[in-house]
Amino acid sequence: MSVLAHSYVFWVALIFGLLALYVLPTVIAAIRGVPGLGWIIVINLLPTGIGWLAALIAAVALPPKGPVARPAPSLCIGGNFASPNRDPKHHQLHS
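If you're wondering where the values come from, they're calculated on a predicted model, not measured in any experiment.

Rules used throughout
Residues numbered from 1 in each chain as written. Predicted model: local features only at pLDDT ≥ 70, side-chain atom pairs only at ≥ 80, totals over all residues. Heavy atoms only, no water. Axes fitted to C-alpha atoms, helices over the stretch in contact; angles between N-to-C directions. Helix = DSSP H or I, 4+ residues; strand = E, 2+ residues; numbered from the N terminus. Parallel < 35°, antiparallel > 145°, perpendicular 65-115°, else oblique. Contact = heavy atoms within 4.5 Å. Nonpolar A, V, L, I, M, F, W, Y, C, P; charged D, E, K, R; others polar. Phe/Tyr/Trp six-rings, centres within 6.5 Å; stacked < 30°, edge-to-face > 60°. Buried < 20%, exposed > 50% of the residue type's maximum accessible area, 1.4 Å probe, protein only. Core = buried A, V, L, I, M, F, W, Y, C linked by side-chain atoms within 4.5 Å.

Re the packing of helix 3 (residues 24-32) against helix 4 (residues 37-45)
Next, step 1: One can describe the packing of helix 3 onto helix 4 by two numbers: an axis separation of 9 Å at closest approach and a directional angle of 170 degrees. The orientation of helix 3 with respect to helix 4, classified from their angle, is roughly antiparallel. Residues P25, T26, A29 and A30 of helix 3 lie in contact with helix 4, whose contacting residues are L37, I40, I41 and N44.
Next, step 2: Residue composition of the contact of helix 3 with helix 4, by class: six nonpolar, two polar and no charged.

As structure tokens, this is what we get:
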């Protein structure tokens, strides 16, 4: 154990691991896109375990802002780009 306690790599890894755990509620809230992200960050920065726990609960329990709108993929049929929502009979294949 004393070899591990004197290891520089161990202490650096431990500090970075604890910092990652400390900001975990903020990261979860940012990824989920919950409203009131600023308040979660403020609560997360409180130097108490209760603030961290409250921020984690809020990050998981608050509903996300809404689904992220992603554009529909395009299909290339015979050199013509077509939307998958259109009828493919209107596109002719050119050989």
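Resuming the write-up.
Digging into the packing of aromatic side chains
Next, step 1: Per the counting criterion, the structure on display carries one aromatic pair.
Next, step 2: An angle of 75 degrees between the planes, with centres 5.1 Å apart, marks the rings of F10 and W11 as edge-to-face.
Next, step 3: What makes F10 partly exposed here is its relative accessible area of 28%.
Next, step 4: A relative accessible area of 40% places W11 in the partly exposed class.

So, the side chain of N44
Next, step 1: Within the element layout of this structure, N44 appears in helix 4.
Next, step 2: The exposure class of N44 is buried, given its relative accessible area of 2%.
Next, step 3: If sequence neighbours within four positions are ignored, N44 has contacts with Y22, V23, P25, T26, G51, W52 and A55.

What to know about the nonpolar core
One broad rule of soluble globular proteins: the nonpolar side chains tend to lie buried together.
Next, step 1: By size, the foremost hydrophobic cluster in this structure holds six residues: A29, V34, I40, A55, A58 and A59.
Next, step 2: Per-element tally for this core: the top contributor is helix 5 (residues 49-61), with three residues.
Next, step 3: When sequence neighbours within four positions are dropped, the list of residues in contact with A29 reads V34, L37, I40 and A59.

Thoughts on the environment of A59
Next, step 1: Among the secondary structure elements, A59 is positioned in helix 5.
Next, step 2: Sequence separation between A59 and V27 is 32 residues, and the spatial gap between their C-alpha atoms is 8.6 Å.

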